Amino acid sequence: MNSKRVIFHVDMDAFYASVEIRENSDLENKPVVVGVGPNVEKFKGVVSTASYKAREYGIKAGIPLIQAYNKCKDIVIMPARISYYKEVSNNIMEILKKYSDKFQQISIDEAYLDVSKRIEDYDSIENLVNKIKEEILNNEGLTCSIGVGPNKSIAKIASGFKKPSGVTIINSDKIRKFLDPLPVKTIPGVGKKTKKLLAKRGIEKIKDLIKLSKSDLISLLGKAGGKIYDIAIGRESSEVKPRGPRKSLGFIRSFESSTDDIKKIKEKIKELSKSIIKKIQADDFQFRTMSIIIRFDDFSVITRSNSLTHHTNDYKVLIKNVIDLFDKVYDNEKRKIKRIGVRVSNLTKSSLKQEILSKYFE
DNA sequence: GGGGGAAGGATTCC
DNA sequence: TCATGGAATCCTTCCCCC
Ligand SMILES: Nc1ncnc2c1ncn2[C@@H]1O[C@H](COP(=O)(O)OP(=O)(O)OP(=O)(O)O)[C@@H](O)[C@H]1O
Ligand SMILES: [Mg+2]
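Since this is a predicted model, take the numbers as computed values, not measurements.

Enquirer: Break down the environment of Ser-3 for me, citing the residues and quoting the values.
Expert: Tracing the backbone shows Ser-3 in the segment before β1 (7-12). Using a relative accessible area of 66% as the deciding quantity, one classes Ser-3 as exposed. Taking C-alpha positions, Ser-3 is 9.3 Å from Ser-116, a pair spaced 113 residues apart along the chain.

Enquirer: I'd like to hear about the coordination of the magnesium ion (ligand 2), residue by residue, with values.
Expert: For the magnesium ion (ligand 2), every protein donor is listed as Asp-11 (OD), Met-12 (O) and Asp-109 (OD), and the spread of their distances is 2.0 to 2.3 Å. Around the magnesium ion (ligand 2) sit six donor atoms, and with donor-metal-donor angles ranging over 82 to 173° the site reads as octahedral. Every donor residue of the magnesium ion (ligand 2) comes from the same chain, spaced as D-M-x96-D. Here the residue Asp-11 occupies a position in strand β1, and Asp-109 occupies one in the loop between β5 (102-107) and β6 (110-114), the gap between them amounting to 98 residues. Accessibility assignment for this pair places Asp-11 and Asp-109 in one class, buried.

Enquirer: So what's going on with the packing of aromatic side chains? Which residues, and what values?
Expert: According to the stated counting rule, one finds five aromatic pairs in the structure shown. When the ring of Tyr-16 is compared with that of Tyr-85, the centres are 4.4 Å apart and the planes differ by 20°; the resulting orientation is stacked. Taken as a pair, Tyr-16 in helix α1 (residues 15-23) and Tyr-85 in helix α4 (residues 82-98) lie far apart in primary sequence, 69 residues in all. Looking at Tyr-16, the relative accessible area reads 13%, which means it is buried. The class of Tyr-85 is buried, set by a relative accessible area of 0%. Linked through ring pairs, Phe-15, Tyr-16 and Tyr-85 together constitute an aromatic cluster.

Enquirer: I'd like a description of the domain arrangement of chain A, backed by residues and values.
Expert: Domain annotation for chain A reports domain 1 (7-13 + 84-173), domain 2 (16-81), domain 3 (180-232) and domain 4 (248-355). A separation of 26 Å is found between the C-alpha centroids of domain 1 and domain 2. The partner domain 2 presents 11 residues to the 10 residues of domain 1 that form the contact. Taken together, both faces of the contact between domain 1 and domain 2 bury some 1000 Å²; the carbon and sulfur share is 59%. At the surface where domain 1 touches domain 2, the tally comes to one salt bridge. Taking the shortest distance from any N to any O, the salt bridge between Glu-140 and Arg-22 comes out at 2.8 Å. At the junction of domain 1 and domain 2, the tally comes to seven residue pairs in polar contact (both at pLDDT 80 or more). Here the side of domain 1 that touches domain 2 is composed, by residue class, of six nonpolar, one polar and three charged.

Cut-off values and rules
Residues numbered from 1 in each chain as written. Chains lettered and ligands numbered in written order. Predicted model: local features only at pLDDT ≥ 70, side-chain atom pairs only at ≥ 80, totals over all residues. Heavy atoms only, no water. Helix = DSSP H or I, 4+ residues; strand = E, 2+ residues; numbered from the N terminus. Buried < 20%, exposed > 50% of the residue type's maximum accessible area, 1.4 Å probe, protein only. Donors = N, O, S within 2.8 Å, 3.2 Å for Na, K, Ca; no water. Tetrahedral: all angles 85-135°; square planar, octahedral: opposite > 155°, others 65-115°. Phe/Tyr/Trp six-rings, centres within 6.5 Å; stacked < 30°, edge-to-face > 60°. Domains from an automatic or database assignment. Contact = heavy atoms within 4.5 Å. Buried area = accessible area lost by both parts, 1.4 Å probe. Salt bridge = Lys/Arg side-chain N within 4 Å of Asp/Glu carboxyl O. Polar contact = N/O pair within 3.5 Å; in protein donor to acceptor, adjacent residues only side chain to side chain. Nonpolar A, V, L, I, M, F, W, Y, C, P; charged D, E, K, R; others polar.

Right under this line is the structure:
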């Protein structure tokens, strides 16, 4: 029995922007930006993604639209149509499933495929990769990048190595050669803060990281440190497994400008709550915990939450609780509010009996 | 001492 | 100067209770 695995990580190229370009051929080769936020037309919002042409100007996800415009006055800004991208995503995921024995969707535009059983040699890897890319291009008119490795993390890092439309295959005997020179930030889980913390200790490349012991890294970074260590030594071994049920659901909206108009804020809270109820009822969920999220004009963020004794999907219950939470915060609060959100968690399926748990209580 | 849960914050990801 | 929106996971603190 051979335990060596072959994992693919498939990641669509500039996904939202590519869909918009596919829909409108005038946009081909143009610097296209998909924007999100309170008023994309008036540059109030940020870049959700940028086409590769736009990236030449330093435009990338997360930067304010006004900055993107200043970098390139020719950009075409499209407001995001997430539900449409979701449909496209579903089509792509169906294609990917066909080519794998185990499948794990990670996000709207990424998935892991365990294809170990379908691979005998290097050529069969290339054949399978090309087949997948072909079918996505033919059926959906979109390109993707694929990383191949002996585990999920290496596959993922590999898929980002050559983009767009790249293929990167990392054999087990090339792991060190591949990982060593990469910056620590390449590792999934190492973000801005962790990068800085490591830099302070002179750790910038993955090869620096593996000089530390696993326990060093755990005492430095907690549980995350252990995961980061395993990835860095190339021995991360988590399974490709289907996505579980969602754990929370919520909506957040920013105001065009910060406000202390309580009425306006409460209206927004009700609107967001209504959307949540609509969605959980459609998806047949119930919740037990309700939270509000507030970002003030100084950009500090607070969350307030409370939990019920029983699950519910009732609008009135949600409204009462989140408005109460808000009133408590705004009792003696001077700062204006930039952004307000409502979220529910502790979810269960409404109809389906909770067989597994209820068995224990017979 | 610690299990177990609630709350709140921080960080990361896409 | 600008600074989204959806979600997951982890950490710390507090509390109830054995
Ligand atoms: N910071 C962000 N805010 C909102 N949406 C984001 C953000 N980052 C990514 N997304 C959305 O998720 C999609 C997939 O993200 P991903 O990181 O794979 O980038 P991408 O646009 O597909 O480009 P790439 O070719 O680098 O993969 C994007 O198209 C995008 O719009
Ligand atoms: Mg992508």
